[in-house]
Amino acid sequence: MATIARAHTNIALVKYWGKKDQQLMLPQTDSLSLTLDRFYTDTTVTLAPSQSVDHYSINGQDVTGRAASRLTTFLDIVRQLSGNNTHFTVESTNHVPTSAGLASSASAFAALAAAASREAGLNLSRKDLSRLARRGSGSATRSIFGGLVEWHRGVDDETSFAEPITEKVEFGLEMMAIVIDTSKKKVSSRHGMQLSVETSPFYPAWRDVVADDMVKMKRAIADRNVDRIGELAQENALRMHALTLSANPGYTYFEEKTITAMRLIDSLHQQGVSCYYTMDAGPNVKVIYHRRDREQIMAALAPIFGATNLIVSQPGPGITVRQL
């Protein structure tokens, strides 16, 4: 017997950027994201009673060292919850570049949480699965659900979880990833967040910015207003990246082509095209737009970045789990 789970990545429209509890992965703020259909992780977990340790592979390559230790720490939580101390064999396939700001850890730990917990004999609710996934990667808490998802920061393990705002996004909202660089980023999200929390003089204001943006973003979603959603997401992303620049030492995830993409999208918007950008911890840019403008946006971006580096995503589904 084995259990396989598929989880999709999510891109935050209102970002959390910073934890107040590193062990429980409790964020400093609420956040809100869009799950994407084009980027996902498939993970198969098998109980292995004869093994003395867990075995991991990602895209056919064995995982060792610090990455393996992080996975074992997560699976220890599953063992504690289930009372089943058996080790696991974990095989994952990432249909998303790893550590490039395209939310690979979100889909990876959401899929692992679902497959491992089921294989260990647990039958968790989606809320509790969201709480479990959070312990591996904060943003994984949102990848349990499809569509537009809110993560409540909470005050402890019980109260920090995600839930969907709407899993059926049927008002034209799309997202296009401009793939600029898929190599591993130099500053990890985890380290970058903590550096911003501890050293940016603007961090206290960031908490207020997010609280305000959450109210405005949920209102824009209720109004099915793609332009307002994009506008708020772009402002929020720029303010998040201001925290990286104002940290000590300052750092940035932007590359030259990141700036080029931002300027081109601004130019399209000034010409009346409904398009906006957001960026996470990586150089790759995500374009938020109404699907009616997709072809015009692609026609403008393809000569600069190449058509194969433009990946159109529609709102994606929540997690799926099945036993083999």
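Per chain, the residues get numbers from 1 upward, laid out in the order the sequence is written. Under the rules for a predicted model, residues below a pLDDT of 70 receive no local features and side-chain atom pairs below 80 are neither given nor counted, while totals for whole chains, interfaces and linings still include all residues. As a convention, hydrogens and water are excluded, and side-chain values are obtained from all of the structure's heavy atoms.

Within an unreviewed UniProt entry, the label attached to the protein chain reads diphosphomevalonate decarboxylase, and the organism entered is Candidatus Limosilactobacillus merdipullorum.

S.K.: Whenever I open this one, the packing of helix H1 (residues 65–82) against helix H2 (residues 104–119) confuses me. Can you help?
M.R.: In helix packing, the relevant descriptors are the interaxial angle and the interaxial distance, both defined with respect to the helix axes. Lines fitted to C-alpha atoms define the axes, with helix axes restricted to the stretch in contact, and inter-axis angles between N-to-C directions lie between 0 and 180 degrees. Helix and strand assignments come from DSSP, with helices taken as H or I runs of at least 4 residues and strands as E runs of at least 2, each series counted from the N terminus. Contact geometry of H1 with H2 gives a least axis separation of 10 Å together with a crossing angle of 40 degrees. What the angle tells us is that H1 and H2 run oblique. Between H1 and H2 lies a crossing whose hand is right-handed. Along its contact with H1, which presents Arg70, Leu71, Phe74, Leu75 and Val78, the element H2 presents Phe109, Leu112, Ala113, Ala116 and Ser117. The residue classification treats Ala, Val, Leu, Ile, Met, Phe, Trp, Tyr, Cys and Pro as nonpolar and Asp, Glu, Lys and Arg as charged. All others, Gly included, are polar. Residues belonging to the contact of H1 with H2 are distributed by class as follows: 8 nonpolar, 1 polar and 1 charged. Any angle that falls under 35 degrees is termed roughly parallel, while one over 145 is termed roughly antiparallel, one within 65 to 115 roughly perpendicular, and all others oblique. Each crossing gets its handedness from the near helix: less than a right angle anticlockwise from the far helix is left-handed, clockwise is right-handed. Whether two residues are in contact is decided by their heavy atoms, any of which lying within 4.5 Å being enough.

S.K.: What's the story with helix H3 (residues 126–134) in this structure? I'm lost.
M.R.: Along an α-helix, residues three or four apart share an orientation, since each turn contains 3.6 residues. Partly exposed residues are those whose accessible area sits between 20% and 50% of the maximum for their type, while under 20% is buried and over 50% is exposed, using a 1.4 Å probe and protein chains only. Taken as a whole, H3 has its buried residues at Leu129, Ser130, Arg131, Leu132, Ala133 and Arg134. Those residues of H3 that are buried are in contact with strand E3 (26–27), H1, H2, strand E8 (148–152) and strand E9 (161–166).

S.K.: Quick question: what am I supposed to make of the UniProt feature "domain: Mvd1 C-terminal" (unreviewed entry) in the protein chain here?
M.R.: UniProt positions are given in the numbering used here, feature names are shortened, and annotations may be inferred rather than shown by experiment. Taking the UniProt record as the reference, the feature "domain: Mvd1 C-terminal" (unreviewed entry) is found at residues 177–308. Helix makes up 59% of residues 177–308 and strand 10%. Its end C-alpha atoms lie 11 Å apart.

S.K.: How should the side chain of Thr44 be read in this particular structure?
M.R.: Turning to its location among the elements, Thr44 is positioned in strand E4 (residues 31–47). According to the relative accessible area criterion, Thr44 is buried, its value standing at 15%. Contacts of Thr44, omitting those with residues within four sequence positions, involve Ala2, Thr3, Ile4, Thr89, Val90, Glu91 and Leu324.

S.K.: Is there a simple way to explain the packing of aromatic side chains in this structure?
M.R.: Remark: the centre distance and the inter-plane angle together describe each pair of aromatic rings, the angle taken between the planes. Here the aromatic set is Phe, Tyr and Trp, taking the six-membered ring for Trp, and pairing holds for ring centres within 6.5 Å; pairs whose planes are under 30 degrees apart are stacked, those over 60 apart are edge-to-face, and all others are tilted. Summed over the entire model, instances satisfying the criterion amount to 4 aromatic pairs. Centroid distance Tyr16 to Trp151: 4.9 Å. Interplanar angle 70 degrees. Geometry classified as edge-to-face. You can see Tyr16 sitting in the loop between strand E1 (3–14) and strand E2 (19–21) and its partner Trp151 sitting in strand E8, a full 135 residues away along the chain. Exposure remark for Trp151: the relative accessible area of 0% places this residue in the buried category.

S.K.: Help me out: how do you make sense of the pattern of salt bridges in this one?
M.R.: Two side chains carrying opposite charge are able to pair once their charged atoms lie near each other. The term salt bridge refers to a pairing of a side-chain nitrogen on Lys or Arg with a carboxyl oxygen on Asp or Glu at a separation within 4 Å. Taken as a whole and assessed by the stated rule, the structure comprises 15 salt bridges. Between Arg131 and Asp157 there is a salt bridge; the shortest N-O distance is 2.8 Å. Highlighted residues: Arg131 in helix H3 and Asp157 in the loop between E8 and E9, separated in sequence by 26 residues. Arg131 gets classed as buried once you look at its relative accessible area, which sits at 11%. Residue classification places Asp157 among the partly exposed positions, given a relative accessible area of 21%. Linked through salt bridges whose partners overlap, the residues forming this network are Asp128, Arg131, Arg134, Asp157 and Glu158.

S.K.: Help me out: how do you make sense of the environment of Ile77 in this one?
M.R.: Counting through the fold element by element, Ile77 comes out in helix H1. Through-space distance from the C-alpha of Ile77 to that of Leu132 is 8.2 Å; in sequence the pair is 55 residues apart. In this structure, Ile77 is in contact with Leu132 and Arg135, ignoring residues within four places of it in sequence.

S.K.: Hey, could you run me through the sheet that holds strand E12 (residues 285–290) in this one?
M.R.: Hydrogen bonds between backbone groups are what pair the strands of a sheet, and the pairing can be parallel or antiparallel. Pairing is antiparallel across the open sheet formed by 4 strands, whose spatial order is E11-E12-E10-E13. In this open sheet, the two edge strands, each paired with only one partner strand, are strand E11 (275–279) and strand E13 (310–313). The mean angle between the axes of side-by-side strands here comes to 25 degrees, regardless of whether they run parallel or antiparallel. Strand pairing follows a simple DSSP-based rule, namely that at least 2 bridges must link the two strands. Here E11 runs beside E12; their pairing, made up of 5 bridges, is antiparallel. Residue pairing in the sheet places Tyr277 in a bridge with Val287 of E12. Here helix H7 (residues 256–270) sits on the sheet and contacts strand E10 (173–178), E11 and E12; the angle it forms with E11, its principal contact strand, is near 155 degrees.

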